[in-house]
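Here's the letter readout for the chains.
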Amino acid sequence: MNKYLFKIVLIGDGAVGKTSIRRRYMGEGFRSDFLATMGADFAYLKTEIDEDFVDWQIWDLAGQPAFRNVMKAYFKGSMGCLAIYDVTQPRSLDSLDSWIEEARLHSQSSTEIPAVIVGNKTDLRAEVPNSIKTIDGFVKSKALKADFIETSAKTGENIENAFLKLARAIIQKRE
Ligand code: G3D
Ligand code: MG
């Protein structure tokens with residue numbers, strides 16, 4: 001068994017469900033500290049994934065980042081991100097563009113950080129406005145090495161799988 005510590009960041013527009021996804025994944029077993037100066041939440045959780053110990057440090061922005069230096073600190077040393085949009089708000093998918101650019105700019109990693117694109121709030125969607133094809137096109141046009149998954153923080157659908165995908169992507173990159 002290996003032991004990993006992953007600092008990851010949650011990115012995406014306000015109200016897409018970043019905090020809800022984090023809370024749903026973490027259940028009761030986490031510690032959380034609000035870093036008021038940064039407008040960010042920092043939470044910590046121990047898990048086991050694929051027979052490895054994975055300790056998560058999950059960073060969650062509160063509100064909209066006002067300052068560049070906040071973004072810099074937020075992304076510094078991050079090893080992966082969940083890029084979250086709301087499937088009922090196509091505009092929040094368009095925004096992922098600039099969010100991913102921020103991550104690229106500030107992560108100070110020489111290579112791209114692994115990302116999983118998360119379409120949240122599937123419970124609210126009657127039909128499929130953003131087909132997998134659309135996401136595929138988005139990912140390819142940005143030359144991203146990103147996986148894609150749809151979730152509902154409300155029902156819990158795929159929440160664990162989103163983190164699982166990200167953990168595997170991070171581990172794969174290290175190897
Ligand atoms: P944010 O952290 O990205 O800003 P939040 O988003 O987690 O605060 O969620 C914003 C609102 O969306 C919240 O509603 C929350 O309950 C709701 N929400 C988050 N995920 C889902 C989901 O999967 N399904 C549904 N139906 N709602 C979701 P309120 O009303 O509390 O502001
Ligand atoms: Mg939030």
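Provided above is the structure to which this section pertains.
1. Here's the deal with the environment of Ser-152
Here comes step 1: Along the chain, Ser-152 turns up in the loop between β7 (146-150) and α6 (159-174).
Here comes step 2: Residue classification places Ser-152 among the buried residues on the basis of a relative accessible area of 0%.
Here comes step 3: With 28 residues separating them along the chain, Ser-152 and Leu-124 place their C-alpha atoms 8.7 Å apart.
Here comes step 4: In this structure Ser-152 touches Asn-120, Lys-121, Thr-122, Asp-123, Glu-157 and Ile-159, once residues within four positions along its chain are discounted.
Here comes step 5: There is a polar contact of 3.0 Å between the side chain of Ser-152 and the backbone nitrogen of Thr-155.

2. So, the pattern of salt bridges
Here comes step 1: As enumerated under the stated definition, the model contains 7 salt bridges in all.
Here comes step 2: Between Asp-41 and Arg-22 there is a salt bridge; the shortest N-O distance is 2.8 Å. One end of the pair, Asp-41, is in strand β3 (residues 40-49); the other, Arg-22, is in helix α1 (residues 18-26), and 19 residues separate them in sequence.
Here comes step 3: Judged by relative accessible area, Arg-22 falls into the buried class, the value being 1%.
Here comes step 4: Through salt bridges with shared partners, a single ionic network connects Arg-22, Asp-41 and Asp-60.

3. So, the environment of Lys-3
Here comes step 1: Tracing the sequence through the fold places Lys-3 in strand β1 (residues 3-11).
Here comes step 2: In sequence terms Lys-3 and Val-54 are 51 residues apart; their C-alpha atoms lie 6.0 Å from each other.
Here comes step 3: Apart from the residues lying within four places of it in its own chain, the contact partners of Lys-3 are Phe-53 and Asp-55.

4. Describing unusual backbone geometry
Here comes step 1: Even without a glycine there, the phi angle at Asp-50 is positive, about 50 degrees.
Here comes step 2: When its relative accessible area of 44% is taken as the criterion, Asp-50 is described as partly exposed.
Here comes step 3: Located in the positive-phi region is Asn-158, a residue other than glycine, with phi close to 65 degrees.
Here comes step 4: With respect to the helices and strands, Asn-158 occurs in the loop between β7 and α6.
Here comes step 5: By relative accessible area, which is 25% here, Asn-158 ends up partly exposed.

5. Here we look at the site of ligand 1
Here comes step 1: Close to ligand 1 lie 15 residues; Ala-15, Lys-18, Ser-20, Asp-123 and Ala-153 are nearest.
Here comes step 2: Here an oxygen atom of ligand 1 and a backbone polar atom of Val-16 are 3.4 Å apart.
Here comes step 3: Lys-154 places a polar main-chain atom, nitrogen or oxygen, 3.3 Å from an oxygen atom of ligand 1.
Here comes step 4: The element best represented in the shell around ligand 1 is α1, accounting for 3 residues.

Thresholds applied
- Residues numbered from 1 in each chain as written.
- Chains lettered and ligands numbered in written order.
- Predicted model: local features only at pLDDT ≥ 70, side-chain atom pairs only at ≥ 80, totals over all residues.
- Heavy atoms only, no water.
- Helix = DSSP H or I, 4+ residues; strand = E, 2+ residues; numbered from the N terminus.
- Buried < 20%, exposed > 50% of the residue type's maximum accessible area, 1.4 Å probe, protein only.
- Contact = heavy atoms within 4.5 Å.
- Polar contact = N/O pair within 3.5 Å; in protein donor to acceptor, adjacent residues only side chain to side chain.
- Salt bridge = Lys/Arg side-chain N within 4 Å of Asp/Glu carboxyl O.
- Near = heavy atom within 4 Å.

So far we have only geometry, and geometry alone does not tell us how the molecule works.
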